Each structure stands twice: as structure tokens, then as C-alpha cells.
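What follows is the residue order along each chain.
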Amino acid sequence: MDHDILALLGDVRSVAARPAFHISEADRSGLTAYRALRHEAFVSRQGLFAGHDLDDHDADPRTIVLVARDAAGAVLGGVRLGPATDGPDLGWWQGGRLVVAPGSPPGIGSALVRAACARAEAEGALRFEATVQTRTEKLFARLGWQPVRPVTVAGREHVLMRWPIGRIAALARATKAALGPLLRGMTGVPGFVGDDGVPLPGTDVVAACDAIIPAMVERDPEWAGWCSVLVNLNDLAAMGATPTGLLDALGARDASFAARVLSGLRKASEAYGVPVLGGHTQFGVPASLSVTALGRTADPVPGGGGKPGQRVWLTADLGGGWRPGYTGRQWDSTSFRRTPELRELLGSVAAVRPDAAKDVSMAGIAGTLGMLAEASGCGALLDVERVPRPPGASTGDWLTCFPGFAMLTTGTPAPAGPAVTAECGELVPGAGVTLRWPDGELTRAIDGGVTGLGNS
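Numbers given for residues are sequential positions, taken from 1 along each chain in its written order. Predicted model: local features are reported for residues with pLDDT of at least 70 only, side-chain atom pairs are reported and counted for 80 or more only, and whole-chain, interface and lining totals are derived from all residues. Heavy atoms from the whole structure form the basis of all side-chain values; hydrogens and water molecules are not counted.

By the naming in an unreviewed UniProt entry, the protein chain goes by AIR synthase and is assigned to Amycolatopsis balhimycina DSM 5908.

K.L.:
Outline the domain arrangement of the protein chain, supporting the account with residue identities and numerical values.
P.N.:
Put simply, an interface is often sized by how much accessible area is lost when its parts join up. Domain segmentation is taken from an automatic or database assignment of domains. For the protein chain, the assigned domains read domain 1 (18-164), domain 2 (196-301) and domain 3 (302-455). Here the C-alpha centre of domain 3 lies 22 Å away from the C-alpha centre of domain 2. The criterion used for residue contact is that any of the two residues' heavy atoms lie within 4.5 Å. Contact residues are listed per partner, giving 27 residues for domain 2 and 27 residues for domain 3. Here the quantity called buried area is the total loss of accessible area, with a 1.4 Å probe, experienced by two parts when brought into contact, counted for both. For the domain 2 and domain 3 pair, buried surface summed over both sides reaches about 2300 Å², with 53% attributable to carbon and sulfur atoms. The largest contributions to the domain 2 side of the interface with domain 3 come from Trp223, Tyr272 and Val301, which together make up 30% of the buried area. The rule for a salt bridge is simple: a side-chain nitrogen of Lys or Arg has to be within 4 Å of a carboxyl oxygen of Asp or Glu. Between the two partners, domain 2 and domain 3, sit 1 salt bridge. One salt bridge in this structure joins Arg323 and Asp220, with 3.3 Å as the shortest N-O distance. Listed by contribution, the elements that provide at least two residues to the side of domain 2 that touches domain 3 are helix H9 (214-219), helix H10 (221-238), strand S10 (242-252) and helix H11 (255-272). Grouping the amino acids of the side of domain 2 that touches domain 3 by side-chain chemistry returns 16 nonpolar, 5 polar and 6 charged. Under the scheme used here, helices are H or I runs from DSSP no shorter than 4 residues and strands are E runs no shorter than 2 residues, and both carry numbers assigned from the N terminus. Three categories are distinguished: nonpolar for Ala, Val, Leu, Ile, Met, Phe, Trp, Tyr, Cys and Pro, charged for Asp, Glu, Lys and Arg, and polar for the others, with Gly belonging to the last.

K.L.:
I'd love a proper account of the nonpolar core, names of residues and values included.
P.N.:
In terms of nonpolar packing, the biggest core is built from 65 residues, with Phe128, Trp145, Leu314 and Leu382 touching the most fellow members. The element best represented in this core is helix H5 (residues 108-122), accounting for 7 residues. Here this core gathers at least three residues from each of two domains, domain 1 (18-164) and domain 3 (302-455). The contact partners of Trp145, leaving out residues within four places of it in the chain, are Val113, Cys117, Phe128, Glu129, Ala130, Phe140, Met161, Arg162, Trp163 and Pro164. Formed by 46 residues, the second largest nonpolar core is a distinct cluster that contains Ile212, Trp226, Val231 and Leu346. Here the nonpolar core consists of buried residues drawn from Ala, Val, Leu, Ile, Met, Phe, Trp, Tyr and Cys, with membership extended through side-chain atoms lying within 4.5 Å. Relative accessible area decides the class of each residue, using a 1.4 Å probe on protein chains only: under 20% of the type maximum gives buried, over 50% gives exposed, and in between gives partly exposed.

K.L.:
Kindly report on the packing of aromatic side chains, identifying the contributing residues and their values.
P.N.:
Side-chain rings of Phe, Tyr and Trp (the six-membered ring for Trp) are treated as a pair once their centres are within 6.5 Å; stacked means planes under 30 degrees apart, edge-to-face means over 60, and tilted covers the remaining angles. Scanning the entire structure with this criterion turns up 6 aromatic pairs. When the centroid spacing of 6.1 Å and the interplanar angle of 45° are considered together, the rings of Trp145 and Trp163 count as tilted. Placement of Trp145 in the loop between helix H6 (137-142) and strand S6 (146-153) and of Trp163 in strand S7 (residues 156-163) is noted, with a sequence separation of 18 residues between them. Note on accessibility: Trp145 and Trp163 belong to one class, buried.

As C-alpha cells, then:
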């Protein structure tokens, strides 16, 4: 609310509590003032640079500058951030040139650092670093940054520090971490513990069952119906099974709402060429939807068949785009595909029989790789630069979203029609998932097992 209005209303406390500064992205005048502050601090006062302190990052159009302004609009400080390397943005970002005008109110430097961290994560960064002068190391440490190693800049001692981004680990905890304790003693067939589908003992039948989040059913019923088929058929595909039929269980407030859900389910059933064999529908209840898929294979592929030393491949359909309303969370690569393409995607694992396969679930690419590694009794390295990724998705979003169709395999790749296949990691001794960057740096994404179900 405008503080002038508060003053007219006599709200003395709110007026007194108004912040001494605010932070925003720099406009042209803000950028000019920020660079003047930098020049005064780093060139004139500290002598770190001769002539000027501008570099290639200042000329990079992807670089973002945040500035702190006082109530009158004067720039009191600023910081820049952006991708650390040329070429495609890999989710490796770098902050720098933090400056605060002498005599400014306290807290501006800390606020700018926090704002830069938040902005980097919002832009999809999974690695965010800054080279700081040794005298400011304690400030960054108090804000949660971690020292990496000493470095020298312009002949002066500095420290490379890293902001811990826990996006991948947080998603794994939210979606999978509770499974181990909950499902102990109910985890199915030995050798397939933790798999999304399960072989029926004594038969060549494989069954898979998935429920759709009730809020998604309520908000987007047709898409929920489509996805209920998609996720189950992907589960069968990961085991090398050929789908034979579907069963659905639907709860809806009335017949009109049920028709919308079933419309999406029917369209997916027809597109994939897999019939709905039966199910159950109930009216007058909150929205709910689950589907069971049945398939057949005499030799199911386990999710935990990998071994340390094996390479990891990702086969992902990069076509399509973000589902409207689910940007950064759900990539729609299937709703526009024709039946031959969809069936070719579903048959990719069955065609090559890799040692292990896992379709990418709501835990994302990194989290699903962690589940495959956990079931295989080992850890995993993921080469960020080698992960196939559509141009419309940031690294952070792509590694944590549901990508429509994406399959991780070990032992052999599983190419499929319209999808892209790339070698992008390896299984290693230990546990968890580590990201490997183009400069050879390793950052921890997930510590330990993802589900707690252990070795399959």
C-alpha cells in the first residue's frame, strides 16, 4: 500500500516500519548507476581492476542485474547473476560484482545476495556460485553459502562459494521418501521391489496401477483421464511388457463431470490402441481416478538390474511443450502423437531388453535415476550437459518435471522413434545421485536412497 496514504490515515506504525530500500531488476538508469558504483568500488577505491571492471558477463544478454533503491529511487547497491558458460544454459549460474554504496542503510548486501539466490533458482539453476573476497566470506556463510576452495582474482585472495540448491532432493523427499516405511512387507515380487509394475507369479502377465492426484482430476479432468492411461502404459513399457488392457476406477460429483474425465481416458485409450476392459464409476463423491494396466512379457525387465560401472542412457520425447497450467511441472509430448509413434515409444525397452529400465515418474529424471540406482544397490552420476532437453525447459525444470515419455536404461540404450537417446551418466558404488558438470565439478543432488525400499 502507498505509504503516503497510510500517513494520511494516521497509520504511524506502518509508516515507521516501511523498508529503507527495495530490490528489483535494473532498468537502463539502474544499470548505469550500478556500474558507476562498481567502478568506484572495484577500480577507484580497491584497485582490483585497471581502467574498468566490465567483462564478458556484462555483455551477455542473459545476465540479470538486481539493484537496491531507496524511497527516492536512488540506487544503493546491486549484484549481477547469469549463466556461467557460453552456449546453452546448463543450469550452472554465477553471481558477482556485489556492491553497496558507502553510508547505505544496513542489510542491503545480505538482501541482494538472498534475492540473487531466489532469482537463480527461479530461473532453473541447479548450481549457483560466487567468487567472493575473503573479508566477505563470513557474510556469505551466515546466509547459508558453503565454501568450495580458495581462488585468486586480480591478484587478490578470494573464496569460491556455492549456494546449496536442494530442489532435486526436496522433490524426492516429497514424492518418494515415505514409501519404504509404509510398504515394508508389501513390496511384491523379489527382484522387482520398487518397480512401478509387477509380474504376476506363475504367469506372463504384468500389472501396473497408478492414481491421479485428486486436485488435478478436479482442475483438469480431460487431461487427468489422458494421463491415467499414459502413466500406466509407461510403467508397463519400462518392464518390456506389451499392453493388453486397462481397468479404471472413477469417483465424480456427477455424470457430467465423469464424462469429461472419461473423455480424456477414452481418447488416450484409442490413441495408444489399448482397450478399456472395465472398471468402476461412482457419483456423488469427491473427484478421484486410478487406472490399472495389464500387459504381457515372458521376460520382464527389472528396475533394479543395474551394476556399478554401467553407463546410463536416457530416451526422451522432446516434442510438444508445457501443459497449460503446469509450466515447469508437466511436459506434454504425447497428446499430439499418432498411434504408430506412441506404440513405438512403448516398445523401446521390449526391443532391446536392457539390464535395467525405469520410466521417469513424478520424481523427475534425477529422482528416478536415484530410484533405479537404489534398487540396483548403488549410486549414480548424471552428466548434466549430456541430458537431452527441449529448448523450452530450464535444466532445473527438466530434471524435476514429469516429462511425458522418458526412459532410463542401463546396459544398453533403448532408442524409440520420435524420441532422442543419449548416454548421460553411469552407475557407481555408493548411494544417491551426484550431478557432474562440464568443468568436472561434482555437486550432490540426492544423499542415500530415494524410497527407502533398498535393493530389489
